[in-house]
Amino acid sequence: MAESLDVERLERAVKSVYRDVAEAPDEEYHFEMGRGLAKRLGYPTSDLDRIPAQAVASFAGVGYHFDLADLREGDDVLDLGSGSGTDAFVAAVQVAETGSVTGLDMTDQQLAKARQLRDEAGMDNVSFERGYIEDIPFDDGAFDVVISNGVINLSPDKRRVFAEANRVLASDGRLAISDIISEKLMPESIKNNEDLWAACIGGAEQVDRYTSIIEDSGFEVTDVRENTQYEFISDQAANACQKYGVKSISLGAHK
């Protein structure tokens, strides 16, 4: 992590953006949101139709990885950075009533929205908890699968995130994520830009380093694919993407 990185300032910026994503999904952001994005990334209409529409309206994911997660009925799933709940609700449909899904998020407004939507939909096998993905508040081996969508790039300590993900997974646990990475090392001016960090660009790790961190944490990476359907929409974000090869990938791994 860069010595000059102001972690608290970046956290405030991230919380501010994702508070707005929860409360005002129709506003303009660096990134696209909503059902149209989810469908283009690969979410089946049949899944989207079975979960709360207001959750999908605030969907700000960067890829589709449920095929890599290979969820089964009865699985216990942890969603890191669950936001308004789209992925958690999709997972809940796939693991059925014998399984469970726990969403973890640090933004109060996202948690409140997700909990309200869960209650209205009567999806009793889903819970949403407040916490940080660098310090997961659950026991060792508590989950069969860890998922995350467009969130780990927002963490200034990705090595800690993946170590924690490994810790809370059962011995044969699976990891399936989508995230933003870069092909080239980005300058400090971008990495310390709180606006670009909150937009999922400033914290993007170089892809080879990203997979190395995952493997160093005790995982075997089995799949890495580029999500060519995903693109940033603001000029500032698009310029950074073009210059440094910032893009979305989905990745599967197992413990």
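Now for a look at the structure at hand. Note that the structure is predicted; figures quoted are calculated from it, not measured.

### Topic: the environment of Asn149
Item 1. Along the polypeptide, Asn149 turns up in strand β4 (residues 143-149).
Item 2. Take Asn149: its relative accessible area is 9%, and that puts it in the buried class.
Item 3. As a C-alpha pair, Asn149 and Val62 span 87 residues in sequence and 6.3 Å in three-dimensional space.
Item 4. When residues no more than four places from it in sequence are discounted, the contact partners of Asn149 are Tyr43, Phe59, Gly61, Val62, Gly63, His65, Leu80, Asp87 and Ser178.
Item 5. At 3.2 Å, the side chain of Asn149 forms a polar contact with the side chain of Asp87.

### Looking at the environment of Ala92
Item 1. Tracing the backbone shows Ala92 in helix α6 (residues 86-95).
Item 2. Of the residues examined, Ala92 reaches a relative accessible area of 4% and is grouped as buried.
Item 3. Separated by 18 residues in the primary sequence, Ala92 and Gly74 have C-alpha atoms spaced 9.8 Å apart.
Item 4. Here Ala92 is in contact with Val101, Met123, Asn125 and Val126, once residues within four sequence places are set aside.

What counts and what doesn't
Residues numbered from 1 in each chain as written. Predicted model: local features only at pLDDT ≥ 70, side-chain atom pairs only at ≥ 80, totals over all residues. Heavy atoms only, no water. Helix = DSSP H or I, 4+ residues; strand = E, 2+ residues; numbered from the N terminus. Buried < 20%, exposed > 50% of the residue type's maximum accessible area, 1.4 Å probe, protein only. Contact = heavy atoms within 4.5 Å. Polar contact = N/O pair within 3.5 Å; in protein donor to acceptor, adjacent residues only side chain to side chain.

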